[in-house]
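In case you want the letters, here they are:
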Amino acid sequence: MVKSKICLCLTGKTLDEDIRYVNKYRDFIDLVELRADCLTEDQQLKIREFPQMIDVPAILTVRRKSDGGNFSAGEGSRAVIMAKGLAYANLDKTKNFAYIDLEDDFNVPSIEEAARAFGIRIIRSFHNITGPVQHIEFKIQGMSRFNDEIYKIAFKPNSLSDVSRLFKEAEKLEKKDVILIAMGSFGFATRVLSGKLNSFITFTSPSHESGALQAAPGQIDPETLCKLYNFRNINEDTKIFAVTGFPLAATKSPLIHNKGYQLAGINCVYLPVPAARPEEILDFSSALGIRGLSVTVPHKETIMPFLDDISPSAIKIGSCNTIFRKNGKLYGTNTDADGFSKALLDFLGRKNLKGMKISIIGAGGAAKAVAYGVHALRGKACIFNRSLEKAKKLASAYGFKFASLDISSSNLLSKYSDLIIQTTPIGMLPEPDKDPIPFYSFKGHEILYDIIYEPSETKVMKRARDAGCRVSNGFSMLVHQGALQFEFFTGMQYPIDNGLLEKITKEK
Ligand code: NAP
């Protein structure tokens, strides 16, 4: 496994803008890539000065549109920009570009000769921005010209299987300096685990908030790579964990787990790995030696047939959100129910739900874990759901009542209103204006626990709070279920006592 260098891609319109990003991320990077194709034409004339304006090595790249860049004029004009970047080489090499990116089909011998003469290393690249590249070894053999070149292949995977294949093929490559990248969310692991691919460089972009153009899909900013994913310390001994689901848009689980590893001082990393099918994440896990998985929508139920053993609670709930290896076998369990119970009891300041009459809104996957938890804590509940059949099925498993989720149930909801637990996605981003129980008027005595955590206050939470009710969102449930997973994965207590829960809540 190599120690990959961290490269910041610079896609500013001006050199000044690019220099601001270099300064911002200087502590987290080893080199930069000046994407001259993103500069305005007058700024392109000044690129020769750029290496002297910064104190890190720089790659010169003029990327064509067809390769994911911005350059749309002809190859002749592209060669002229490159020539401008290389001209008048300085004897002090730090004042020249350190690398130049030349695509596999770029054929201008004078540029290559100049680069060699001035000691500028060539990155020979191949990009496929519409699909995967098969047979990496043959592809690199076909690209090989001189031994001192670095071979870069970047492609868009169609699925996680394309990324698994890349990791498997990379293991067999003969020793050459290579850069291997699968772009987009499927390929995120190739950014963080670039060392496992023996990649010479991992590429990063300034954060979205900075307003910078992302150089390629899937890149993150170098500070997040170093601080959240602990990139500099990843080595052969690092234990890898992941969260999977589809599409797995914005998950907070990497924050919870990675913070936990850092506070506990253990050599682990936790990545988001989207997979469209459960088989794909299991194949990826065995290819990379992943030790544990958090599982989310839509795989919590569909992954169960692939497991060797499942905990009694996960069987009763009917879903697995946690998978790890136990005695060499794939073991599945569910931490949603216990995580929910812990979070709820903390919020209520109670030891159980005895004597409480509780409404559970929704009867989907999360409601199954909630119903299990409410029953285990001896609460009496009524389940309200749009599809009555599902409410009936879930209620019958615990001897609860059930009703449809509409105005005809408002009296029944009033009767079960000591605690209202909202488990539907209604009110979640990107539709925060929706309310799952618009027909119900809060009186002020109700306690509302909404398991949604984004936004941090849903519309129904605001209505309840305005009426004088105590309310909580579901972030504490997320953290507690993650903390329980952490314990299954690492065998260690989650460092929650150090005020981490509060810290994470503030950072989110
Ligand atoms: P799910 O299995 O798809 O269930 C969705 C439930 O919401 C079903 O009962 C469904 O009713 C109901 N529903 C959906 N759209 C509706 C609509 N327009 N009108 C009325 N009812 C509607 O989803 P899930 O996995 O349970 O997740 C639900 C929410 O919980 C998500 O927002 C998720 O982010 C959140 N969650 C949070 C945590 C946490 O740790 N805080 C953990 C897990 C889930 P039907 O049965 O009639 O379709």
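Coordinates for the structure precede this section.
In this report, the structure presented in the accompanying data block is examined. For every chain, the first residue of the written sequence is number 1, and numbering continues from 1 along that sequence. Side-chain atom pairs in this predicted model are given and counted only at pLDDT of 80 or more, local residue features only at pLDDT of at least 70, and totals for whole chains, interfaces and linings cover all residues. The basis for every side-chain value is the complete set of non-hydrogen atoms in the structure, without hydrogens or water.

### Some points on the overall build of the chain
Piece 1. Secondary structure elements are taken from DSSP: a helix is a run of H or I of four residues or more, a strand is a run of E of two residues or more, and numbering for both begins at the N terminus. Per the secondary structure count, the chain includes 20 helices and 20 strands.
Piece 2. When its C-alpha atoms are laid out on the principal axes, the chain stretches across 85 × 50 × 40 Å.
Piece 3. Buried residues in the chain amount to 56% of all 508 residues.
Piece 4. Whether two residues are in contact is decided by their heavy atoms, any of which lying within 4.5 Å being enough. When contacts within the chain are restricted to residue pairs at least 6 apart in sequence, long-range pairs at least 24 apart make up 66% of them.
Piece 5. About 21900 Å² of surface is accessible on the chain, with carbon and sulfur atoms providing 52% of the total. Classification of residues uses two cut-offs on accessible area relative to the type maximum, computed with a 1.4 Å probe and protein chains only: under 20% is buried, over 50% is exposed, and between them is partly exposed. To measure how exposed things are, a 1.4 Å probe is used in the Shrake-Rupley method; for residues, cover is taken only from the protein chains shown.

### Details of the layout of surface pockets
Piece 1. Two kinds of site are reported from a 1 Å grid over the protein atoms alone, namely cavities, where a 1.4 Å probe fits but cannot get out, and pockets, open sets with protein on both sides within 12 Å along at least five of seven lines, and residues are called lining when an atom falls within 4 Å of a point. Grid points are joined across faces, edges and corners, and a volume is the space filled by probe spheres set on the points. Roughly 880 Å³ of volume is contained in the second largest pocket.
Piece 2. Each residue receives one of three labels: charged for Asp, Glu, Lys and Arg, nonpolar for Ala, Val, Leu, Ile, Met, Phe, Trp, Tyr, Cys and Pro, and polar for the others, Gly being one of them. Residue composition of the lining of the second largest pocket, grouped by class: 13 nonpolar, eleven polar and six charged.

### Some points on the pairing of strand β11 (residues 292-295)
Piece 1. The alternating pattern of β11 places Gly292 and Ser294 and Leu293 and Val295 on opposite faces, both of which are buried.
Piece 2. When DSSP finds at least two bridges between two strands, those strands are taken to pair. With four bridges connecting them, strand β9 (residues 239-244) and β11 associate as parallel partners. Across the sheet, the residue bridging to Thr244 is Val295, located in β11.
Piece 3. In terms of strand pairing, β11 meets strand β13 (residues 322-326) through three bridges, oriented antiparallel. Bridging from a neighbouring strand, Leu293 pairs with Ile323 of β13.

### Concerning the state of the cysteines
Piece 1. Any pair of cysteine sulfurs within 2.5 Å is marked as a disulfide. Per the counting criterion, the structure on display carries zero disulfides.
Piece 2. Looking at Cys226, it has no disulfide partner, and the nearest cysteine sulfur is the one in Cys7, 13 Å off.
Piece 3. In this structure Cys226 comes out as buried when scored by relative accessible area, which is 13%.
Piece 4. Cys268 takes part in no disulfide bond, and the closest cysteine sulfur to it belongs to Cys226, at a distance of 18 Å.
Piece 5. Classification of Cys268 as buried rests on a relative accessible area of 8%.

### Comments concerning the packing of aromatic side chains
Piece 1. What counts as a ring pair is set by centres within 6.5 Å for rings of Phe, Tyr and Trp (its six-membered ring), and what kind of pair is set by the plane angle: stacked under 30 degrees, edge-to-face over 60, tilted for all other angles. Evaluated as defined, the whole model comprises 15 aromatic pairs.
Piece 2. Consider the rings of Phe340 and Tyr449, whose centres lie 5.9 Å apart with planes at 75°: the pair is edge-to-face. Residue Phe340 is located in helix α14 (residues 336-348), and its partner Tyr449 is located in strand β19 (residues 447-450); the two are separated by 109 residues in the primary sequence. In terms of burial, Phe340 and Tyr449 fall into one category: buried.
Piece 3. Relative to Tyr494, the ring of Phe486 lies with its centre 4.9 Å away and its plane at 90°, an arrangement referred to as edge-to-face. Note on accessibility: Phe486 and Tyr494 belong to one class, buried.
Piece 4. Three or more aromatic residues joined by ring pairs form one cluster here, namely Phe241, Tyr261, Phe486, Phe489 and Tyr494.
Piece 5. Only lysine NZ and arginine CZ atoms are considered, and such an atom sits over a ring when it is within 6 Å of the ring centre and within 35 degrees of the ring normal. One cation-aromatic arrangement involves Arg121 over Phe200; the distance from NZ or CZ to the ring centre is 5.5 Å.
Piece 6. In this arrangement the basic side chain of Lys326 is found over the ring face of Tyr331, its NZ or CZ atom lying 4.2 Å from the centre.

### Quick word on the sheet that holds β9
Piece 1. With mixed pairing, the six strands of this open sheet are ordered in space as β10-β9-β11-β13-β14-β12. On the outer flanks of this sheet lie β10 (268-272) and β12 (309-310), each paired with one strand and no other.
Piece 2. Relative to the sheet, helix α10 (residues 253-264) contacts β9, β10 and β11, its axis offset from that of β10 by approximately 175°.
Piece 3. Geometry is summarised by axes, namely lines fitted to C-alpha atoms with helices restricted to the contacting stretch, and by angles between N-to-C directions that run from 0 to 180 degrees. Relative to the sheet, helix α19 (residues 475-490) contacts β9, β10, β11, β13 and β14 (329-333), its axis offset from that of β13 by approximately 15°.

### Quick notes on the site of the ligand
Piece 1. Surrounding the ligand, one finds 21 residues, the nearest of these being Gly365, Ala366, Asn385, Lys390 and Met428.
Piece 2. Two N or O atoms form a polar contact when they lie within 3.5 Å of each other; inside protein one atom must be a possible hydrogen donor and the other a possible acceptor, and for residues adjacent in sequence the pair counts only when both atoms belong to side chains. In this structure, Leu478 approaches the ligand through a main-chain N or O atom, which is 3.3 Å from an oxygen atom.
Piece 3. Against a free-state accessible area of 920 Å², the protein chains account for coverage of 76% of the ligand.
Piece 4. Mapped by element, the contributors of at least two residues to the shell around the ligand are α15 (365-376) and α19. Definition of nearness: a residue and a molecule or strand are near each other if at least one heavy atom of the residue lies within 4 Å of the molecule or strand.

### Notes on helix α6 (residues 136-143)
Piece 1. All of the buried residues in α6 are Ile136, Ile140 and Met143. The arc enclosing the buried residues of α6, seen along the axis, measures out at 60°, which places them on a common side. Facing away from the buried surface of α6 by more than 90 degrees, the exposed residues are Phe138 and Gly142.
Piece 2. Each element contacted by the buried residues of α6 is listed here: β5 (121-128), β6 (150-155), α7 (160-171) and β7 (178-182). An arc is given here, and it is the one of the directions from the helix axis to the C-beta atoms.

### Quick word on α7
Piece 1. Between its first and last C-alpha atoms α7 spans 17 Å; for twelve residues at 1.5 Å apiece the expected length is 16 Å, and the two agree.
Piece 2. Burial of α7 is extensive: nine of the twelve residues sit out of reach of the surface.
Piece 3. For α7, every residue scored as buried is listed here: Leu160, Asp162, Val163, Ser164, Arg165, Leu166, Phe167, Glu169 and Ala170. Multiply 1.5 Å by the residue count of a helix minus one, and that product is the helix's expected span.

### Some details on the nonpolar core
Piece 1. Nine residue types can take part in a nonpolar core, namely buried Ala, Val, Leu, Ile, Met, Phe, Trp, Tyr and Cys, and a core is a set of them joined through side-chain atoms within 4.5 Å. Ranked by size, the top nonpolar core spans 86 residues in total, and within it Val32, Ile100, Leu180, Leu193, Leu271 and Phe284 carry the most contacts.
Piece 2. The residues touching Leu271, leaving out its near neighbours within four places in the chain, are Phe188, Ala189, Val192, Leu193, Tyr229, Ile240, Phe241, Ala242 and Val243.
Piece 3. One finds Leu377, Ala391, Tyr398 and Met477 within the second-largest nonpolar core, a separate group that totals 29 residues.

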